[in-house]
Amino acid sequence: MTLIAALAVGILFAAGSYLLLQHDFIKVVGGTMLISHSVNLFIMVSGLSRGTEPIYPLVPGEKISDPVVQAMVLTAIVISFGVSALLISLIYRVYVAHRSVDIEHLSDFEERLVQLEEQQVPPEPGIGVLEDREDGDDSTRQAAGSTQPESAGAG
Amino acid sequence: MNNGMARQAARLLLLPTWMVAFAILIKGYSDSGDGFSAGVIAALGVIMQYVTYGTATAEKLRPVRYARQIAMAGLLIALSVAFVPALRGQPIMTHYPGPDRHAVHLGSLELTTPFLFDIGVFLLVMGVCIGVFDLLAHATRRERS
Amino acid sequence: MNATVFLLLAALFAAPFTAAFGVARSSLTRPVAIVTSAIAFAAALYNAFQPGPIIDKEWAPAWGLRLHFEADGIAVLFALLATGIGLAVIVYSSVYIPIHLHHEHRAEADQTRFFAFILLFMGAMTGLVMAQDLMLIFLFWDLTAIASYYLIGFDSQKREARVSAFMALTVTCITAVGFLIGALMLDAEYGSFQLPTLIETITPNYEFDIAIVLIVIAALAKSAQAPLHFWLPRAMAAPTPVSAYLHSAAMVAAGVFLIGRFYPLVELRAWLLDALIVVGIASMLTGGLLALTRDNMKQLLAYSTIAQYGYIVTMFGLGGKAGVFGAMFAVIAHGLGKSALFLTAGAVTEATGARELSNVGGLRRAMPVLAIASGLAAASLAAIPLTMGFFKDEYFFEAAAHHGRLTQVIAVGAAMMTFSYLTRFWWGIFGGPMIGSVKPVPVPLVAPIAVLGAISLIGGLWPEPFARVASNAGQVALRSDDALHPAYHLKWTVENAMALCAIGGGLLLFLSRRFWLERVEIVSDFGKRVGPERLYRGSVLELNEISDRIHWIEVRDLRSRVATVLAPAALMVVITLIFTNADSSFEVGHVRRDDWPLIMMLAVVAIAGVAAAIPRDHFSMALALSGVGFGLSVVFALLRAPDVALVAVLVETLFGVLFFAFLGLIPRNVEHADVVPSDEPQEVGHRHRMRDSVLATFGGLLAFLVAWGVLSRPAPVDSIFEDYIDLTPSAHGDAIVTVILADFRGLDTMGEITVIGIAFLGIATFIRRRRVR
């Protein structure tokens, strides 16, 4: 029984990691789901005490299946549901923005964008660099970098 | 999806679904199931209406209109069960009545704060599920038009 | 309500109150801000005459945290400064900020943000000085840093302001983390976060040394002491009232406050006091030297702040009555004088439009009140007799003379520089020939300066009340019941001689400025090139570079990133397997007769899993995934876990509908086009598939081995679940799993529903709007 359960865990994990390596985002989500299924199964069978249901009234003397493991798996299922749902809505968003769900297309797009930016704007000196020390107006404010206070939009 | 049978079934099943959800919620502490499963079942009842009748009809249902408020209320209930004890100087998630104290019985249901916590989870999950489907339905309609 | 609570509430609620009114009606912001800060100042004054009782309430008993506030001498001193100068600055700002916003072409409603944050700063400062619990101190400490970030970056349309705000935040927050570590170490070592308890019980050891050094570093960074001083001149990018407040009475004072607060612990180590002297002198010299050369008015004042706080830190290091009590007195004198000078700079810029000393001059006739008021403030800072500042220098000289000849000389040198740059500042604005045109400034821009200048004068003629406040503070720091009694001694004492030297030398230095100015500028330029700011810039740039590179790798190829995460993980698993499982064999396990349904279902699940990986289109994959999910719920049911099975079925149903609904939104042709990207030749795609299958098989094999190895180990004899089973009836429940979820491990469920809530927010934002960019 031990071997069989471990085999099932391994097969699910293998299928999941295969999907994870695809360049189709929807398949990547499928991969994460399969892997979380495999982990849930693993946690569940690790409590292979296999007795009766953990609900009172209990039959005296009989083994009870491990309720802690069950509670943990329950939480894990719910959380992986939330995460998967978030992931597919994110992919929908990506689709709306780029009309593609393929990682190759997206990274090509990003690369082109960066090249375009580099042609238009000279390299930004980055945060923490200011040439003149005395304060005063500085007219060279371009893309801000990460130093912008959250509230900048209110300006 | 314009199948009359399906519509009839969905309409007829809505109330029983909610009954089942309610029963699971009440029975949570004495039998299998808890606030989460109850919430999902209640939401599935509503989602059935979406699938059979379409967005316009389903949106008239009250839980759909107030999905967000339901979710917020649930989150607030659960959070307050967790953190109100902290205001009284006790560790968070302290439940009342304490161990082996007397609690009011209503059949198999005992009125305790964990039950209130479960209700919070129930409302949150129901609100979230319905809310997500409502958004999805709108997105689908936009995509079609 | 007692006085302590009153002060706390008045200070802490000023900001939200003002913000609420300001959001409702922008025009209400200014009056409400003035009234709330006046109330807070009144509360602080009341506490000065009649200190309120100690507040000590349980907060989080499990962690030993208490809401522990006390309006002791130090607290009263710094609260008076924070609220009093706060009031002056807010009155000033009520005119200055609308003009400033107008200059910057910004909406007048933005003033609400300004007043809210400056009041928040005042509240945080007041809370900080009254707190006696290390975690409370940390909390308020960080709150001041956050408020200062928004205040320094108030002109967020300017890059300069953003960079400066970020720099101040980085420097003070990184060191604040050091403070946190120190506090935790003290708690771990001595078992308390309460400062009074710690002072009673501490016997210094190695851990104590590290902790106190971290705390002192945090204090010095906040006080802009060398070599962490570079953020302060930068922070002059803020509107002038912010500089006046933060760099005289509030932010910079917080650092010195912390040293005073921890002084009973600091003085346990003599080498730490010596270190304070070294840092203080270094700051004094750096700040003084640079202040001598600056042309920009606010920059000059900024460097003079560094130097002045160098005085105070040195005085703490010198110790004794003259040192510590004098330091407290110096904090008052400096706060009053320096805020007045900053406000003067603002008013002058407002009147003439000039920011540099070389562009103004001769304003003494055009602005006589301002000239006199700021003259008094400058005189006080320069320690002219008959002003409050004279005594601060007297105590400084006394402490220095006690310490040794070298310190004495340096002290006089520093005082000379102080006198000289302040004269340069004042004379540069008000003396000499008139330059440029002057437009009249409104009264509220001058009145606060006049009040502050007058107080500086009163403090020189009648120092007793100020000395009492300083003495009360010094008594807390030094734990003695001494008191200061400042008075003029018209006889030949060492201190008087030193003061005379300082004033005379300073005058000489000022008059001869033409001869040395250029040479000192060379030195300061050199310092700029190799100084610590350079290091800061370098490390920030380097970090930015690294993050850029990582981002590039991530964006470029997600799959290679997955592989780079998976490969090391797999390697670790292999190593673990080799080293841990060498001794024990894998167990095949027994198959009982009633296990067959379970085995069948596991087989179904495995087949469905493989089926999910094979197909090309999404719908088949989704169907197979559903199969896996439903199969697993049957497995869970067979494992006698009804709750899990129920939830698994429901989640699977829900997710199935969700998944198909999403797939319906994404057209079919997308997926078919993308199975093999158009620019990827067929054989490359094939090779990729081979590579992926090999990797996946390998990963699955490892997972299988780990699972098998773990499952082969016998379960621990006493598991926690026995306890949970036994405890369930007393928790008013029968279904053990539900009781665990809602009661025993309720926090897990809290986390779970939080995740659900956040996921919902995310989903809602992702699918609500269609417009992108």
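Keep in mind that what you see is a predicted model, and the values were worked out from it rather than measured.

Analysis parameters
- Residues numbered from 1 in each chain as written.
- Chains lettered and ligands numbered in written order.
- Predicted model: local features only at pLDDT ≥ 70, side-chain atom pairs only at ≥ 80, totals over all residues.
- Helix = DSSP H or I, 4+ residues; strand = E, 2+ residues; numbered from the N terminus.
- Buried ≥ 20, exposed ≤ 12 C-beta atoms within 10 Å, placed from the backbone.
- Contact = placed C-beta atoms within 7 Å.
- Axes fitted to C-alpha atoms, helices over the stretch in contact; angles between N-to-C directions.
- Parallel < 35°, antiparallel > 145°, perpendicular 65-115°, else oblique.
- Nonpolar A, V, L, I, M, F, W, Y, C, P; charged D, E, K, R; others polar.
- Left-handed = near helix turned anticlockwise from the far one by under 90°.
- pLDDT = per-residue confidence, 0-100.
- Pairing = 2+ DSSP bridges.
- Expected span 1.5 Å × (residues − 1).
- Core = buried A, V, L, I, M, F, W, Y, C linked by C-beta atoms within 7 Å.
- Bend = angle between axes of the 7 residues up to and from the residue.

Caption draft 1: A look at the overall build of chain B. Helix and strand counts for chain B stand at six helices and two strands. Scanning chain B from its N terminus toward the C terminus, one meets helices and strands in the order α-α-α-α-α-β-β-α. Here chain B holds 145 residues, and the buried ones make up 44% of them. Across chain B, the fraction of contacts at a sequence separation of at least 24, relative to all contacts at a separation of at least 6, is 69%.

Caption draft 2: Representation of the overall build of chain A in the model. Along the backbone of chain A there are four helices and zero strands. Counting helices and strands in the order they occur from the N terminus, chain A gives α-α-α-α. Counting over 155 residues, chain A shows a buried share of 48%. Long-range contacts, defined here as pairs at least 24 residues apart, represent 40% of the contacts in chain A between residues at least 6 apart.

Caption draft 3: Region of interest: the packing of helix H26 (residues 618–638) of chain C against helix H27 (residues 642–665) of chain C. Residues and elements named next belong to chain C. Where H26 meets H27, the axes come as close as 8 Å, and the angle between the chain directions of the two elements is 170°. By the angle class used here, H26 and H27 are roughly antiparallel. Along the contact surface, H26 presents His618, Phe619, Ala622, Ser626, Gly629, Phe630, Leu632, Ser633, Phe636 and Ala637, while H27 presents Pro642, Val644, Ala645, Ala648, Val649, Glu652, Gly656, Phe659, Phe660 and Leu663. Residue composition of the contact of H26 with H27, by class: 14 nonpolar, five polar and one charged.

Caption draft 4: Focus on the packing of helix H3 (residues 67–98) of chain A against helix H32 (residues 746–768) of chain C. Their axes nearest at 9 Å, the elements H3 of chain A and H32 of chain C cross at an angle of 15°. The angle between H3 of chain A and H32 of chain C falls in the class roughly parallel. Here H3 of chain A runs over H32 of chain C; the crossing is left-handed. Two secondary-structure elements touch here, H3 of chain A through Thr75, Val78, Ile79, Gly82, Val83, Ala85, Leu86, Ser89, Leu90, Tyr92 and Arg93 of chain A and H32 of chain C through Asp748, Thr749, Glu752, Val755, Ile756, Ala759, Gly762, Ile763, Phe766 and Ile767 of chain C. Taken together, the residues of the contact of H3 of chain A with H32 of chain C sort by class into 13 nonpolar, five polar and three charged.

Caption draft 5: Looking closely at the confidence of the model for chain A. Considering every residue of chain A, the mean pLDDT works out to 74; 73% of them sit at 70 or more. Low confidence marks residues 123–155 of chain A, where pLDDT is under 50. Its contacts with residues over four positions away, or in another chain, come to 61 contacts.

Caption draft 6: Examining the pairing of strand E2 (residues 65–69) of chain C more closely. All names here are of chain C. Bridge count between strand E1 (residues 55–60) and E2: five bridges; the pairing is antiparallel. Note that in E2 the partner of Glu58 across the bridge is Arg66. What sits between the antiparallel neighbours E1 and E2 is a turn of four residues, in which Gly64 has the positive phi angle 70°.

Caption draft 7: Representation of the interface of chain A and chain C in the model. Listed as interface residues are 97 residues of chain A and, on the opposing side, 118 residues of chain C. Contributing elements (two or more residues each) for the side of chain A that touches chain C: helix H1 (2–20), helix H2 (25–46), H3 and helix H4 (103–120) of chain A. Ranked by residue count, the leading element in the side of chain A that touches chain C is H3 of chain A, at 24 residues. When its residues are assigned to classes, the side of chain A that touches chain C shows 56 nonpolar, 27 polar and 14 charged.

Caption draft 8: Representation of helix H16 (residues 368–381) of chain C. Residue and element names in this part refer to chain C. For H16, with 14 residues, the first-to-last C-alpha span of 20 Å sits near the 20 Å given by 1.5 Å per residue. Across the 14 residues that make up H16, a large majority, 10, are buried. For H16, every residue scored as buried is listed here: Leu370, Ala373, Ser374, Gly375, Leu376, Ala377, Ala378, Ala379, Ser380 and Leu381. Buried residues along H16 sit against helix H15 (320–352), helix H17 (389–403), helix H18 (405–430) and helix H19 (447–461).

Caption draft 9: Spotlight on the nonpolar core. With 212 residues, the main nonpolar core has Leu77, Leu151, Phe329 and Ala470 of chain C as its most contacted residues. In this structure, Phe329 of chain C is in contact with Phe391, Lys392, Tyr395, Phe466, Ala467, Ala470 and Leu484 of chain C, ignoring residues within four places of it in sequence. Grouped together as the second largest cluster of nonpolar side chains are 146 residues, Phe42 of chain A, Tyr29 and Ile70 of chain B together with Ala645 of chain C included.

Caption draft 10: Structural context of unusual backbone geometry. Residues and elements named next belong to chain C. Cis geometry is found at the peptide bond from Ala226 to Pro227, where omega equals 5°. With respect to the helices and strands, Pro227 occurs in the loop between helix H8 (206–222) and helix H9 (231–234). Notably, Leu386 is not glycine yet its phi reads approximately 75°, a positive angle. Within the secondary structure layout, Leu386 lies in the loop between H16 and H17. You will see that Arg479, though not glycine, has its phi angle at about 55°, which is positive. Mapped onto the elements, Arg479 comes out in the loop between helix H20 (464–478) and helix H21 (494–511). Using a count of 11 C-beta atoms within 10 Å as the deciding quantity, one classes Arg479 as exposed.

Caption draft 11: Spotlight on the environment of Ile312 of chain C. Residues and elements named next belong to chain C. With respect to the secondary-structure elements, Ile312 resides in helix H14 (residues 297–318). Note on Ile312: 31 C-beta atoms within 10 Å, which makes it buried. Spatially, the C-alpha atoms of Ile312 and Met284 are 9.5 Å apart, while their sequence positions differ by 28 residues. Once residues within four sequence positions are removed from consideration, Ile312 is found in contact with Val256, Ala327, Ala330 and Val331.

Caption draft 12: Region of interest: the environment of Leu3 of chain A. As for its placement among the helices and strands, Leu3 of chain A is situated in helix H1. Here Leu3 of chain A falls in the partly exposed class, since 17 other C-beta atoms lie within 10 Å of it. Residues contacting Leu3 of chain A, with those up to four places away along its chain left out, are Val588, Gly589 and Trp708 of chain C.

Caption draft 13: Geometry of helix H3 (residues 73–103) of chain C. All names here are of chain C. Its 31 residues give H3 an end-to-end C-alpha distance of 42 Å, which sits within 8% of 45 Å, the value for a rise of 1.5 Å per residue. By the largest-angle criterion, Ser93 marks the main kink of H3, which is about 45°. Along H3, 26 of the 31 residues are buried, which leaves the element largely enclosed by surrounding structure. Within two residues after H3, His105 carries a phi angle of roughly 60°, on the positive side.

Caption draft 14: How the structure looks around the confidence of the model for chain B. When pLDDT is averaged along chain B, the result is 84, and 97% of the positions lie at 70 or above. For this predicted complex, the interface score ipTM comes out at 0.92, while the overall pTM is 0.68.

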